[in-house]
Amino acid sequence: MKVPARPFAHEGIAFGCDYNPEQWTPEVWDEDITLMREAGVDLVAINIFGWSHVEPREGEFDFARLDDIISRLHAAGIRVNLGTGTASPPAWLARSHPEILPMAEDGTRRYPGGRQAWCPSSPVFRAAALRLVDAVAGRYGSHPAVELWHVSNELGCHNALCYCDDSAAAFRGWLRRKYTTLDALNDAWGTAFWSQTYGDWDEILPPRATISTRNPGQLLDFHRFSSDELLSYYRAEADAIRAVSDVPITTNFMVTAHIENLDYWSWAADMDVIANDHYLDHRLATPTVELAFAADLSRGLGRGAPWILMEHSTGAVNWQPLNKPKAHGEILRNSLTHVARGADGVCFFQWRASVQGSEKFHSAMLPHAGTDSAVWREVVELGGIVDRIGEVAGSRVEADVALVFSWESWWATQTESRPSQALGYLDQVHAAYGALHALGLTVDVVPPGADLSAYGLVVVPGLHLVRAGEAAVITDWIAAGGTALVTFYSGTVDEKDRVWTGGYTGPFRDALGIRIEEFAPVAPDASLALSDGATARLWSERSRTTTAEIEASFVDGPAAGHPAVTRNTWGGGEAWYLATLPDPADYRSLLARIAERAGVRPAAEVRGPEGAVEIVRRRGADASYLFIVNHSESDAELTATGFELVTGMPAAGCVSVPGGAVRIIREEAAA
Amino acid sequence: MKVPARPFAHEGIAFGCDYNPEQWTPEVWDEDITLMREAGVDLVAINIFGWSHVEPREGEFDFARLDDIISRLHAAGIRVNLGTGTASPPAWLARSHPEILPMAEDGTRRYPGGRQAWCPSSPVFRAAALRLVDAVAGRYGSHPAVELWHVSNELGCHNALCYCDDSAAAFRGWLRRKYTTLDALNDAWGTAFWSQTYGDWDEILPPRATISTRNPGQLLDFHRFSSDELLSYYRAEADAIRAVSDVPITTNFMVTAHIENLDYWSWAADMDVIANDHYLDHRLATPTVELAFAADLSRGLGRGAPWILMEHSTGAVNWQPLNKPKAHGEILRNSLTHVARGADGVCFFQWRASVQGSEKFHSAMLPHAGTDSAVWREVVELGGIVDRIGEVAGSRVEADVALVFSWESWWATQTESRPSQALGYLDQVHAAYGALHALGLTVDVVPPGADLSAYGLVVVPGLHLVRAGEAAVITDWIAAGGTALVTFYSGTVDEKDRVWTGGYTGPFRDALGIRIEEFAPVAPDASLALSDGATARLWSERSRTTTAEIEASFVDGPAAGHPAVTRNTWGGGEAWYLATLPDPADYRSLLARIAERAGVRPAAEVRGPEGAVEIVRRRGADASYLFIVNHSESDAELTATGFELVTGMPAAGCVSVPGGAVRIIREEAAA
Amino acid sequence: MKVPARPFAHEGIAFGCDYNPEQWTPEVWDEDITLMREAGVDLVAINIFGWSHVEPREGEFDFARLDDIISRLHAAGIRVNLGTGTASPPAWLARSHPEILPMAEDGTRRYPGGRQAWCPSSPVFRAAALRLVDAVAGRYGSHPAVELWHVSNELGCHNALCYCDDSAAAFRGWLRRKYTTLDALNDAWGTAFWSQTYGDWDEILPPRATISTRNPGQLLDFHRFSSDELLSYYRAEADAIRAVSDVPITTNFMVTAHIENLDYWSWAADMDVIANDHYLDHRLATPTVELAFAADLSRGLGRGAPWILMEHSTGAVNWQPLNKPKAHGEILRNSLTHVARGADGVCFFQWRASVQGSEKFHSAMLPHAGTDSAVWREVVELGGIVDRIGEVAGSRVEADVALVFSWESWWATQTESRPSQALGYLDQVHAAYGALHALGLTVDVVPPGADLSAYGLVVVPGLHLVRAGEAAVITDWIAAGGTALVTFYSGTVDEKDRVWTGGYTGPFRDALGIRIEEFAPVAPDASLALSDGATARLWSERSRTTTAEIEASFVDGPAAGHPAVTRNTWGGGEAWYLATLPDPADYRSLLARIAERAGVRPAAEVRGPEGAVEIVRRRGADASYLFIVNHSESDAELTATGFELVTGMPAAGCVSVPGGAVRIIREEAAA
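Residues numbered from 1 in each chain as written. Chains lettered and ligands numbered in written order. Predicted model: local features only at pLDDT ≥ 70, side-chain atom pairs only at ≥ 80, totals over all residues. Heavy atoms only, no water.

Caption draft 1: Structural view of the overall build of chain A. In terms of helices and strands, chain A carries 17 helices and 28 strands. Taken against the 2.2 N^0.38 rule, which gives 26 Å for 671 residues, the C-alpha radius of gyration of chain A at 26 Å falls within 12% of a compact globule. Counting only C-alpha atoms, chain A reaches 75 × 75 × 40 Å along its principal axes. Evaluated residue by residue, chain A yields a buried proportion of 67% over its 671 residues. Summing over all exposed atoms, chain A offers an accessible surface of approximately 20,600 Å²; the carbon and sulfur share of this is 49%. (Helix = DSSP H or I, 4+ residues; strand = E, 2+ residues; numbered from the N terminus. Rg over C-alpha atoms; globule rule 2.2 N^0.38 Å. Buried < 20%, exposed > 50% of the residue type's maximum accessible area, 1.4 Å probe, protein only. Areas by Shrake-Rupley, 256 points an atom, 1.4 Å probe, with all protein chains shown as cover.)

Right under this line is the structure:
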């Protein structure tokens, strides 16, 4: 990311929340502001869902309440993260223009009554939204309270894929710009098969429901189009703001386990600061590892620059099948893990728990139970700590390991017809990341094609779709002395979703020194034995090595006797290949071996419960900061010298981190 | 329920069935009537699905066949329960008026070809149906054979929730009547959140499918509206009948485990007699306990008055995944359990098993196998017993325990975004009822706000939605000396689905002496240990007592150390709170303890297999009747003096009830 | 099947594939043809999805490429199986005529973008398709390369059931032709129930989605109509071809486990040769047993005549949840099992693996890995064997056992409301067939009503729907000395889906000597003990014998004490009845007992792993051929004299068949 023209410049680490004062009376607002100050809140996002309040009838704007709120916050010294208010259109717009409503794959509409009920390609919606942005930005663009612009909200959370006629028209336009000729499009999508050749642009539709399976090239381009379409929408809002305001602009990403529709690599450069919403997903086996991954990816989107955690929760959410409260201390650990991994802001959804509406069972800083509650006390405690560690702001995380991540591979992997429906892209990324995380290694998440020269180890999990040039960056880096691990299903297709023939892993094949003939996925509940004693699942392959050494083979299953783990010397470096999904302990052992050969190691050595302590170093202009997050119930120890910011105590030699605690050490003698 | 103006006055206990003679020839009718007399059938529901027969073309009525059937039944001394025939519109109506067809949430229609394919709000449908009712009621309103009017059939079984434009218009009308102003509606639904504020009544739609979650206030009111809309439809039919007939009127409710859309508390006063359809649901762990609950609730709807079991089955139904036949003797046990719990009529669907159509694999009194069959022999046996126990008719069930039940809580609990999708309202009611049932306690099911002065123990399971006044009835009753058990998730929201803040259980909080800060649901397959040795599931909470005693705490899980069972002295009474779902044996133990303190006990002491014998007392003007239903295979014994009606033997002292048998003792010396 | 007017006359066993050259350049075509010759390919299906290539714009035909391909194949001596090219309409047709698109049950359309997106009843589609057929058949009808016409492709695979208005009109026409009067239709469907009587033909719709359950008679007739409608479409294409070509005509059936919509019994007579597509279904417990069944049924459709395996795979498919590659040798075993069971052609989908499109992960003869691969080497090996066994062509399989199979029973069994949703028709057929297969018995699959005089044993699994005359053929054959096993749910309904009353099994009842009163299905995971020590599942019944002997009774479950297996002497024969689903080993034991009494035995005795060796005899004019397929890893042995075609070695006495191998012995002294 280029240095933004309008950097976000908050003093210290921001501490804040979404605030939806429309739900409350002015008396409550005053209580809220008093309590915000008690908790140390200094950045508040407002007007997120303000449209129907600010423009109660088409063209009639009423800013009285918003003026009042902003002025009260400003008076209290609280900075404003100002929403453009366009996230959910008001009822009057859907009534007068039902064509803005999203259309599902089967041609049925989705109706108002929730939120985000608009087609990303609707010109009518866009025009109405931009009128609102003009009005809001015009009014508050120079307001001294406003520190950041918050465009819309969680763009694409629900409405990323729309199949209506407006979307069809926009999709055609996008395709014409991309391919210029129908011949090029037909070639890219492989329409020669199944008699799908297009003879006229107007024959092309979004990939609506078919009675059979859909064209995967069309599906892939529709994903790209849909991401671009919302980015184009974001740019339109941002342009409108920039015309009248110098305040930095962003929107809240959703780098999380269950949202996949936006390719944030292509979005990031448009943000003045990266912001992310993150909620623990208790459907996963290790939610806090996913948190760390999401934080590292958020940082990666900004190419290492500090970012803002725009939303997370003090406790349960309301949209998972089972919504768990946080354990004692978990608010603190979650928050400071984000900071450890580069966040310069810690915000929550939302300030005061709703008592009505869809999110009334979503936790908040001020819970239904009020201030006489454990949650409130932990919030206040956290606010104090955030305040004390302000000096960390602006420092950057150090990492020796890179993990290559790609939304395009996500989309291409999880298409309709494929070797195994049990194979998920993010699952494979999480498995590889989880092994690195368990080893205490700090990881930068980078896009395909990124410069890798800063790293000692590169991990490429399931990079199904890869361009020749992107693969070459990796193999050239290996040849230049790097150590990489590539895992199965990588290098299967190119950017047109076209199989690289001649043996799978295509453009990685020579560097890996292996030739894969057939995929042999196994049932999700089956296990595979490897010759090195490891246990694996999900996948195997029939292959033979050309130049690689076999580190382990399949002992059983449909690829018995074939290589499972190989290592190939490639130029001055080493290319490892993993043809299956090892169980977590075995995956960690494998990566420990590779990491040792690559000479990468954790930010510091911790003595204590294995795999349960996170350790990350942020380095600033003047000092470095070692973050230690102890997720276990046991104490951990490390050797450090400096000053511990959470407890406000000197660190001299052996530092103990009690079970459940977080420590942040300003290190002396940092390089 | 006020005393009905037109009471149902059958001699003895009615024994009957649905009869669909349209399926058969007149020769079969004669055989049917002969066999009905053999079985003791004396009440037959006809014309349930008669519309296409009685009005084969729009406006052309043909009563020849119906005249004939009624006359044959009348000649045989069989009373008629006459359907208005409107349950399923004929094909000609849907063809000329497709706008009567129901619309699903996603805007797609549901087509003719099944039954009940009509929108409850369709003015076209209603006009056509009332023309039919006028014709039928006009013709038979004074016919001496007609003992009861049967309006439509299982109203709302399939079509309760319709999302079409007619429904939208009716919903708006209902809302205008309820709220008068849009401000009031916006306040009630919390539309200030997510930019949902309505500025015009015409912007409001039914809660059609959205791409996100829907407004819970809107969902709740749509449930209320949908129930009211069908009630309004019922009233329209009943009004048409009353204009020309003095015969009592009812419709068959579906108080059962899988139908939730009608709030029968609001319907009951309109019925001249409560009638219910009940089928064992083998998807439940204990189908016969649910039967007992449904029977008690049916009685509760009539405020204790006798009611009619309008449909049940002699064996398998056809609509569950697995349709089980009944065990030997089960027809008798099921039927007499309903009578024990207040039914003055026992009817079956249907007389003769269909050989075609959707219900051809639904059991009947006369099965496909014919009269040389176990089912037929048990039907005839039952008919004889029903005949012998006629003196029971009119007596009323005695109960010391009340259970508070609420359809509104059902709807509000099972909304879209909530702490745990695994939490079902009826499940919690069943769990509490099951514990009482296992203790042999007779339970009256009452609505929130009901007078509780007659009871010694009140159980309030998961009463999620409660009005302040409804809660006050309960807490005042406790203060006046009562003993109550309130279970988790009770008192969470008010009638607007708005959270009661300050600690959950809201209006029960002070009486319970406990303050709940956070819900901590657990996965459905996890178990929780309590400090008293009990095991529990599904739910826990983080709370602290204010004035209550802790009876048991959570030993593990996300609320370890927090109270699980508490007891609070409140005025002259005792308020217990249960923060989790104990396993059945532990739930029973807990309620045994509470019941003992409350001084409530079974109708009689039975010696025999624990928890497998039901015992209920009905008390009439001249005698009391003790029903004993032995569900086990072992004999049970009790001490009683009087006359046993099933066997026709005196009961003097020790009465034995063989395994699988039912005994009904007219008690001497009854108070 | 009558002897076809235009028999398929390939020299030896055809070896071939689908070839979709539109995906490749002419340079690749030349490489392909060279490799086809290397593999021994001599029959290639082309133009399957050719429409958009041959008619790129409406009415503009361009045959240049197809001319070129045919001419190159012809020059190489490869015969052409020429597709009419109508399987998937081009994009221009759906754009100008969206009314051709299929409609789902709920009234939503299914869109272009996959394949087969056309309504079988669309007159617009049919006219356009026939214009194409006229053009293709006119151009190539006399081309010397063309050996077979391939009409469309897998007709009905996706689009068999369409609910649009065109389908509604066609359904009405079909019904008028079938029933003549509405009275007859109303009677057949039992519309007297639920007020469904039709007063006008135009009131009738396809069985679109209802809010309740649909009329089962309507569903059954809609299945029949839908099968007939596609057959009518097939005939229209075939008629157009016959007008200008003498080459035989067929289409590729899908006799397989997951396709049920076409009643191929009614289609078979229209085929000049039966052709089938078959893929192993790894969702089944025993995919290769299903393969054998499908092959036997394919042969049965041609009444024993040789048929063509038109598609199968060299490895994984792409449409199952988990797509498994084949084990070493499995391509050979699968292929030769089809030949053993009557195939005179072995073809694959497809020649060269796609690199784009929906089927790019479907295996092919020439895999992505190229010719340096195990798959390619096995393909070449198979081609050599197929070439060597050419003399087998034209011979016919010998079988002593008949199994009665019915698509109508499939449809009627798996309707909406029924005793158990866990009961599948094909499952029961597979279970019975699997027991026979494990015993090594060769089975002819025959339609209800077929002449049984050639057989020693007849098995009638779950023949739910049976006409009186069809049942009489079976019971008369038993009376004449035959031995039959009838299994539960047989004889339940007649051709109108009307229950045969008086005790289930209706028209089989007297011959079976048993009277069934009630079905008693059990949960899929429950097991039942039988009195003979067997274990069973899924089903039991309450019945009593009239004249039958009880061979085993239910020990537990809902029919404890009732008969489970009975045997009745009926005339000169024996009628067995099975009221449950025994576990495989017990099913095999039961059928072994019955087979022994019936005097039927395998084609030869094999010594080796029990149940893992298939043995089938084909008898030609001049010799007989014994096929032995060893699915186990152990060797098997048998005694035979003659010449073994696979190894090219004499067989004299003891012949060993190594684990995984196939042997084909030309027998000397064959009877």
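There is more to say, and it comes next.
Caption draft 2: Geometry of the interface of chain B and chain C. Chain B puts 53 residues into the contact, and the matching count from chain C is 58 residues. A combined buried area of about 4,400 Å² lies between chain B and chain C, and 56% of that area is made up of carbon and sulfur atoms. Applying the counting rule to chain B against chain C returns 4 salt bridges. Linking chain B with chain C are 28 residue pairs in polar contact (both at pLDDT 80 or more), by the criterion used here. Those elements that provide at least two residues to the side of chain B that touches chain C are helix 2 (51-54), helix 4 (91-96) and helix 12 (374-388) of chain B. Class assignment for the residues of the side of chain B that touches chain C results in 20 nonpolar, 22 polar and 11 charged. (Contact = heavy atoms within 4.5 Å. Buried area = accessible area lost by both parts, 1.4 Å probe. Salt bridge = Lys/Arg side-chain N within 4 Å of Asp/Glu carboxyl O. Polar contact = N/O pair within 3.5 Å; in protein donor to acceptor, adjacent residues only side chain to side chain. Nonpolar A, V, L, I, M, F, W, Y, C, P; charged D, E, K, R; others polar.)

Caption draft 3: How the structure looks around the environment of B:Pro102. Examined against the element boundaries, B:Pro102 turns out to sit in the loop between helix 4 and helix 5 (123-140). Residues B:Pro102 and B:Asp166, 64 residues apart in the sequence, show an inter-C-alpha distance of 9.7 Å. Excluding its chain neighbours within four sequence positions, the residues that come into contact with B:Pro102 are B:Thr108, B:Arg109, B:Arg110, B:Gln116, B:Ala117, B:Trp118, B:Cys119, B:Cys162 and C:Ile211.

Caption draft 4: Representation of helix 14 (residues 425-438) of chain B in the model. All names here are of chain B. Taking 1.5 Å per residue, 14 residues should reach 20 Å; helix 14 reaches 20 Å between its end C-alpha atoms and fits that length. The element helix 14 is extensively covered by neighbouring structure, given that 10 of its 14 residues are classed as buried. Among all positions of helix 14, only Tyr425, Leu426, Gln428, Val429, His430, Ala432, Tyr433, Ala435, Leu436 and His437 are buried. Following helix 14 by one or two positions, Gly440 adopts a phi angle in the positive range, close to 80°. (Expected span 1.5 Å × (residues − 1).)

Caption draft 5: Representation of the sheet that holds strand 17 (residues 535-537) of chain C within the structure. Residue and element names in this part refer to chain C. Reading across the sheet, the 3 strands line up as 16-17-22 and stay open at both edges, with antiparallel pairing between neighbours. If you trace the sheet from one side to the other, it starts and ends with strand 16 (528-529) and strand 22 (581-582), each paired once. Strand direction decides the pairing type here: strand 16 and strand 17, joined by 2 bridges, are antiparallel. Looking at strand 17, one finds that Ala529 is bridged to Thr535. (Pairing = 2+ DSSP bridges.)

Caption draft 6: Main features of the pattern of salt bridges. By the definition in use, this model includes 140 salt bridges over all chains. A salt bridge links A:Glu574 to A:Arg567; its shortest N-O distance comes to 3.6 Å. There is no split in this pair, since A:Glu574 and A:Arg567 are both buried. Across the salt bridge formed by B:Asp583 and B:Arg537, the nearest N and O atoms sit 2.9 Å from each other. Linking B:Asp583 in the loop between strand 22 (581-582) and helix 17 (584-598) with B:Arg537 in strand 17 (residues 535-537), this pair joins segments that are 46 residues apart in sequence. Put simply, A:Lys178, A:Asp221, A:Arg224, A:Glu408, A:Arg467 and A:Glu470 are held in one network by salt bridges that share partners.

Caption draft 7: Summary view of the relation of the copies chain C and chain A. Relative to chain A, chain C is turned by 120° and slid 0.0 Å along the rotation axis, the superposed coordinates differing by an RMSD of 0.0 Å. Interpreted geometrically, this transformation is the action of a three-fold axis. Every residue of chain C has its C-alpha some distance from the rotation axis, and the shortest such distance is that of C:Thr108, at 4.3 Å. Looking at the interface residues of chain C, only 2% of them are also at the interface in chain A, so each copy uses its own face. (Least-squares fit on C-alpha atoms with pLDDT ≥ 70 in both.)

Caption draft 8: Inspection of the sheet that holds strand 19 (residues 549-553) of chain B at higher detail. Residue and element names in this part refer to chain B. In space, the 7 strands of this open sheet follow the order 12-11-13-14-21-20-19, with mixed pairing throughout. Pairing within the sheet leaves two strands with one partner each, and these edge strands are strand 12 (443-446) and strand 19. In this sheet, neighbouring strand axes are inclined to one another by 20° on average, regardless of whether the strands run parallel or antiparallel. Here strand 19 runs beside strand 20 (residues 563-570); their pairing, made up of 4 bridges, is antiparallel. Residue pairing across strands places Ala552 opposite Val565, the latter belonging to strand 20. (Axes fitted to C-alpha atoms, helices over the stretch in contact; angles between N-to-C directions.)

Caption draft 9: Geometry of the interface of chain C and chain A. Counting residues at the interface gives 52 residues for chain C and 58 residues for chain A. Of the roughly 4,300 Å² buried where chain C meets chain A, counting both sides, 56% is carbon and sulfur surface. The largest contributions to the chain C side of the interface with chain A come from C:Tyr111, C:Gln356 and C:Phe361, which together make up 17% of the buried area. The interface formed by chain C and chain A includes 4 salt bridges. The shortest N-O distance in the salt bridge between C:Arg95 and A:Asp200 comes to 3.6 Å. Between chain C and chain A we count 27 residue pairs in polar contact (both at pLDDT 80 or more) in total. Elements that contribute at least two residues to the side of chain C that touches chain A include exactly helix 2 (51-54), helix 4 (91-96) and helix 12 (374-388) of chain C.

Caption draft 10: Just the packing of helix 14 (residues 425-438) of chain C against helix 17 (residues 584-598) of chain C, in detail. All names here are of chain C. The N-to-C vectors of helix 14 and helix 17 enclose an angle of 65°; their axes lie 8 Å apart at closest approach. When the interaxial angle is binned, helix 14 and helix 17 end up roughly perpendicular. Between helix 14 and helix 17 lies a crossing of right-handed hand. In contact with Ala431, Ala432, Ala435, Leu436 and Ala438 of helix 14, helix 17 contributes Tyr587, Arg588 and Leu591. Classifying every residue of the contact of helix 14 with helix 17 by side-chain character gives 7 nonpolar, no polar and 1 charged. (Parallel < 35°, antiparallel > 145°, perpendicular 65-115°, else oblique. Left-handed = near helix turned anticlockwise from the far one by under 90°.)

Caption draft 11: Helix 12 (residues 374-388) of chain A, seen in detail. Under the 1.5 Å per step criterion, the end-to-end length of helix 12 of chain A is 21 Å for 15 residues, consistent within 8% with the ideal 21 Å. Listing the buried residues of helix 12 of chain A in full gives A:Val375, A:Trp376, A:Glu378, A:Val379, A:Leu382, A:Gly383, A:Ile385 and A:Val386. Residues of helix 12 of chain A that are buried make contact with strand 1 (14-18), helix 1 (26-39), helix 11 (330-340) and strand 9 (343-348) of chain A together with strand 15 (514-519) of chain B.

Caption draft 12: Representation of the packing of aromatic side chains within the structure. One pass over the structure, following the stated rule, counts 123 aromatic pairs over all chains. Ring geometry for C:Tyr489 versus C:Trp539: centroids 5.2 Å apart, planes at 65°, classification edge-to-face. Taken together, the residues span a long stretch of sequence, with C:Tyr489 in the loop between strand 14 (483-487) and helix 16 (509-512) and C:Trp539 in the loop between strand 17 and strand 18 (541-545) at a distance of 50 residues. Residue C:Tyr489 is classed as buried on the basis of its relative accessible area, which comes to 3%. By relative accessible area, C:Trp539 is classed as buried at 0%. An aromatic cluster of at least three residues, connected via ring pairs, comprises A:Tyr234, A:Phe253, A:Tyr264, A:Trp265, A:Trp267, A:Phe293, A:Phe405, A:Trp407, A:Trp410, A:Tyr425 and A:Tyr433. Across from the ring centre of A:Trp576, 5.8 Å away, lies the NZ or CZ of A:Arg567, which sits over that ring. (Phe/Tyr/Trp six-rings, centres within 6.5 Å; stacked < 30°, edge-to-face > 60°. Lys NZ or Arg CZ within 6 Å of the ring centre and 35° of its normal.)

Caption draft 13: Geometry of the side chain of C:His430. Residues and elements named next belong to chain C. Tracing the backbone shows His430 in helix 14. On the basis of relative accessible area, His430 is assigned to the buried category, the value being 15%. In contact with His430, other than residues within four places in its own chain, are Ala257, Leu284, Glu290 and Phe293.

Caption draft 14: Focus on the packing of helix 1 of chain A against helix 3 (residues 64-75) of chain A. All names here are of chain A. Between helix 1 and helix 3, the least distance of the axes is 11 Å, while the angle of their chain directions is 25°. Compared by their axis directions, helix 1 and helix 3 come out roughly parallel. Seen along the crossing, helix 1 lies across helix 3 with a hand that is right-handed. Contacts between helix 1 and helix 3 involve Pro26, Trp29, Asp30, Ile33 and Met36 from the former and Arg65, Asp68, Ile69, Arg72 and Leu73 from the latter.

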